[in-house]
Amino acid sequence: MTDSNPELTAKMSSVTAFSSDDEKFMRRAIALAEIAESHNEIPVGAVVVYDGKIIGEGFNQSIMNSDPSAHAEMMAIRDAGKNIENYRLLDCTLYVTLEPCPMCAGLLVHSRIKQLIFASEDLKTGAAGSAFSLVNHENHNHQIQVSDGLLAAECSTMLSAFFKRRRAEKKAEKQARKNAPNA
Ligand SMILES: [Zn+2]
């Protein structure tokens, strides 16, 4: 996949300069998103990084776990907390392929994570500035550094392809029911 959307590419160049390590960690988050997709879950992946190393990983698994809280960020942060045996993720960075929702934004504040780097914006429910601004709300006593746009075109393409495929599958199912005898 390439960053072929000119609008997104233009936007990416106007945001923070990311390091090759940043790209490496986001690529791992994308690989995790692909695991979610292979389970027919919305493809979102996340990693928590401390001192240049991944200490937690997660992908969206809400449907397979019957757990509405099993978002990629939630899974990655739980994993990291267990691995370092600490409920605070001080000086850690979360890389995630999609802008966090309000629930995950709250979790990021509780975890005291230092930095959030996400790929695609979620204009409908994103809580890191798109629909809500919860990660840096002045009422919180913890503020998170936020950067976005890293590999955004790639992650947006993955999400839109997923939803397109799912819409087509639903349409086909509906059609099959219509055509079935005794329907
Ligand atoms: Zn979430």
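Structure: see above.
Residues numbered from 1 in each chain as written. Predicted model: local features only at pLDDT ≥ 70, side-chain atom pairs only at ≥ 80, totals over all residues.

Digging into the overall build of the chain
Here is step 1: Within the chain one finds six helices and five strands.
Here is step 2: Listed N to C, the secondary structure of the chain is α-α-β-β-α-α-β-α-β-β-α in terms of helices and strands.
Here is step 3: The C-alpha radius of gyration of the chain comes to 17 Å, within 12% of the 16 Å expected for a compact globule of 183 residues.
Here is step 4: Across its three principal directions, the C-alpha atoms of the chain cover 60 × 40 × 30 Å.
Here is step 5: Burial statistics for the chain: of 183 residues in total, 37% are counted as buried.
Here is step 6: The contacts in the chain between residues at least 6 apart in sequence include a share of 56% that link residues at least 24 apart. (Helix = DSSP H or I, 4+ residues; strand = E, 2+ residues; numbered from the N terminus. Rg over C-alpha atoms; globule rule 2.2 N^0.38 Å. Buried ≥ 20, exposed ≤ 12 C-beta atoms within 10 Å, placed from the backbone. Contact = placed C-beta atoms within 7 Å.)

Quick look at helix α5 (residues 102-111)
Here is step 1: C104, A105, L108 and S111 are the residues of α5 that are buried. One side of α5 carries all its buried residues, which in axial view fall inside an arc of 125 degrees.
Here is step 2: Where α5 is buried, its residues touch α4 (72-84), β3 (93-98) and β4 (115-120).
Here is step 3: Remark: R112 follows α5 within two positions and exhibits a positive phi of approximately 65 degrees. (Arc of directions from axis to C-beta.)

Section: the sheet that holds strand β1 (residues 45-50)
Here is step 1: Pairing within the open sheet is mixed, and its five strands lie in the order β2-β1-β3-β4-β5. Since the sheet does not close on itself, it has two edges, and those belong to β2 (53-59) and β5 (145-148), each with one partner. Sheet twist, expressed as the mean angle between neighbouring strand axes with direction ignored, is 15 degrees.
Here is step 2: Bridge count between β3 and β4: five bridges; the pairing is parallel. For T93, the partnering residue across the bridge sits in β4 and is Q115.
Here is step 3: Together, β3 and β4 form the strand contacts of helix α6 (residues 152-179), whose direction differs from that of β4 by roughly 60 degrees. (Pairing = 2+ DSSP bridges. Axes fitted to C-alpha atoms, helices over the stretch in contact; angles between N-to-C directions.)

Focus: the environment of E73
Here is step 1: Relative to the helices and strands, E73 is located in helix α4.
Here is step 2: Judged by C-beta crowding, with 30 C-beta atoms within 10 Å, E73 ranks as buried.
Here is step 3: In this structure the C-alpha to C-alpha distance between E73 and G58, which are 15 residues apart in sequence, comes to 6.5 Å.
Here is step 4: Sequence-distant contacts of E73, defined by excluding residues within four places in its chain, comprise A46, G58, L94, V96, P100, C104 and L107.

Things to note about the pairing of β2
Here is step 1: Two elements, β1 and β2, share six bridges in a ladder whose sense is antiparallel. Bridge pairing in β2 places G45 opposite F59.
Here is step 2: Between β1 and β2, which follow one another and run antiparallel, lie two residues, and D51 among them has a positive phi close to 55 degrees.

Examining the nonpolar core
Here is step 1: Judged by nonpolar contacts, the single largest core of 46 residues is most densely connected at A29, L94 and Y95.
Here is step 2: Elements with a contribution of two residues or more to this core: α2 (20-38), β1, α4, β3, α5, β4 and α6.
Here is step 3: When residues in this core are grouped by element, the largest group, seven residues, is from α2.
Here is step 4: In contact with L94, other than residues within four places in its own chain, are A46, V48, E73, A76, L108, I113 and L116. (Core = buried A, V, L, I, M, F, W, Y, C linked by C-beta atoms within 7 Å.)

Examining α2
Here is step 1: When the terminal C-alpha atoms of α2 are compared, their 27 Å separation across 19 residues agrees well with the 27 Å that a helix rising 1.5 Å per residue should span.
Here is step 2: For α2, the full list of buried residues reads F25, M26, A29, I30, L32, A33, A36 and E37. Projected onto a plane normal to the axis of α2, the buried residues spread over an arc of 160 degrees and lie on a single side. Opposite the buried face of α2, at more than 90 degrees from it, the exposed residues are S20, D21 and S38.
Here is step 3: Among the structural elements, β1, β2, α4, β3, β4 and α6 are those in contact with the buried residues of α2. (Expected span 1.5 Å × (residues − 1).)

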